[in-house]
Amino acid sequence: MCGIVGYVGARDATPIIYEGLRRLEYRGYDSAGLAVIQGESIAIRRDAGKLTCLGSLLEAEPVHGTIGIGHTRWATHGEPTARNAHPHMGATGEVVVVHNGIVENFLTLRDELISEGVTLNSETDTEIIVHLVERYLAMGEDLASAARKAIGHLDGAHGIVLLSTREPDRIVAARLGNAGGVVIGVGEGESYLASDIPAILEHTRQMAFLEPEQMAVVTRDGFEVQTLDGQRVEAEIQ
Ligand code: GLU
């Protein structure tokens with residue numbers, strides 16, 4: 001269970017996410033990556049090895065956007081390669097996910113998706129999540145409800161964070177059980193997400209914590225929390 005960082009605001013998300021991931025390095029990891037919405041599309045940079053490898057990649061091939069998500073991975077399904085590093089993108093190119101945890105019914109869900117004609121691009125359990133989200137987006141759901149329906153298929157404990165060009169102003173996050181936390185940081189016209197407080201502590205001290213079986217929609221202007229069965233929750237800012 002490694003690190004997650006997200007940002008939505010007016011500033012360049014890339015250095016904020018990279019620095020946040022650096023502050024989570026103490027947790028250990030084997031690869032790292034980030035995705036931002038750059039113009040109209042999602043740009044991903046990811047690499048195996050130390051965060052400095054991702055740093056060099058970002059120097060060689062920079063990406064910029066005001067919304068993004070990043071991850072340091074500790075591989076459970078699939079080798080620690082660049083292809084298996086998070087974020088994982090779906091087939092439409094419209095959605096990306098980062099994920100802490102293990103999809104315990106991965107094999108069943110993988111076979112189900114393959115029989116629906118989905119092509120998997122990695123060996124990870126995580127990639128399943130983004131294809132499930134796309135399945136429900138294709139049925140006309142919005143990102144939050146597509147995420148809720150997708151997450152309903154997953155066994156195990158998870159921290160999940162999603163981004164989509166369909167709704168480029170928001171990050172959707174969910175916590176199931178205990179695969180590390182999901183922390184939301186509140187700023188002035190900007191919001192943060194992380195698996196752990198140190199990732200975002202330099203930016204804000206106002207934070208809200210998801211309980212297990214809760215999800216959040218996070219925008220520049222704030223956030224809303226719901227239970228996974230769709231009940232609105234008044235989350236306390238601490
Ligand atoms: N199970 C996922 C993977 O192997 C996530 C691992 C993690 O928590 O970093 O990619």
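Our structure's up above, just so we're on the same page.
Because the structure is a prediction, the values reported are computed rather than measured. (Residues numbered from 1 in each chain as written. Predicted model: local features only at pLDDT ≥ 70, side-chain atom pairs only at ≥ 80, totals over all residues. Heavy atoms only, no water.)

Here's the deal with helix α1 (residues 13-22)
Reasoning step 1: Burial analysis of α1 places seven of its ten residues in the buried class, the great majority of the element.
Reasoning step 2: Those residues of α1 that fall on the buried side of the exposure criterion are A13, T14, I16, I17, Y18, G20 and L21.
Reasoning step 3: Packed against the buried residues of α1 are β1 (3-8), β2 (31-38), α2 (51-60), β4 (67-73) and β10 (191-194).
Reasoning step 4: Its side-chain oxygen 3.3 Å from the backbone nitrogen of T14, D12 forms the N-cap of α1. (Buried < 20%, exposed > 50% of the residue type's maximum accessible area, 1.4 Å probe, protein only. Helix = DSSP H or I, 4+ residues; strand = E, 2+ residues; numbered from the N terminus. Contact = heavy atoms within 4.5 Å. Polar contact = N/O pair within 3.5 Å; in protein donor to acceptor, adjacent residues only side chain to side chain.)

Side note on the sheet that holds β1
Each strand in a sheet pairs with its neighbour through backbone hydrogen bonds, running either in the same direction (parallel) or in the opposite one (antiparallel).
Reasoning step 1: Strand order in this open sheet of seven strands is β3-β2-β4-β1-β10-β9-β11, and the pairing throughout is antiparallel. Of all strands in the sheet, those with a lone pairing partner are β3 (41-48) and β11 (207-209), marking the two edges. Averaged over all adjacent pairs, the angle separating strand axes in this sheet is 15 degrees, with direction ignored.
Reasoning step 2: When strand β9 (residues 183-186) meets β11, the two strands line up antiparallel, connected through three bridges. Bridge assignment links I184 to a residue of β11, and that residue is A208.
Reasoning step 3: The strands that α2 touches are β2, β3 and β4; relative to β3, the one it contacts most, it runs at about 135 degrees. (Pairing = 2+ DSSP bridges. Axes fitted to C-alpha atoms, helices over the stretch in contact; angles between N-to-C directions.)

Digging into the pattern of salt bridges
Reasoning step 1: Under the defined criterion, the tally for this structure stands at 13 salt bridges.
Reasoning step 2: Among the ionic pairs, D196 bridges to R27, the shortest N-O distance being 3.2 Å. Of this pair, D196 sits in the loop between β10 and β11 while R27 is found in the loop between α1 and β2, placing the two residues 169 residues apart along the sequence.
Reasoning step 3: A residue is classified by how much of its surface remains accessible, and R27, at 27% relative accessible area, is partly exposed.
Reasoning step 4: With a shortest N-O distance of 2.9 Å, R135 and E112 are connected by a salt bridge. Here E112 lies in helix α3 (residues 106-115) and R135 lies in helix α4 (residues 126-138), a separation of 23 residues in the sequence.
Reasoning step 5: By relative accessible area, which is 15% here, R135 ends up buried.
Reasoning step 6: Look at the salt bridges and you will find they share partners, linking E19, R22, R23 and E202 into a network. (Salt bridge = Lys/Arg side-chain N within 4 Å of Asp/Glu carboxyl O.)

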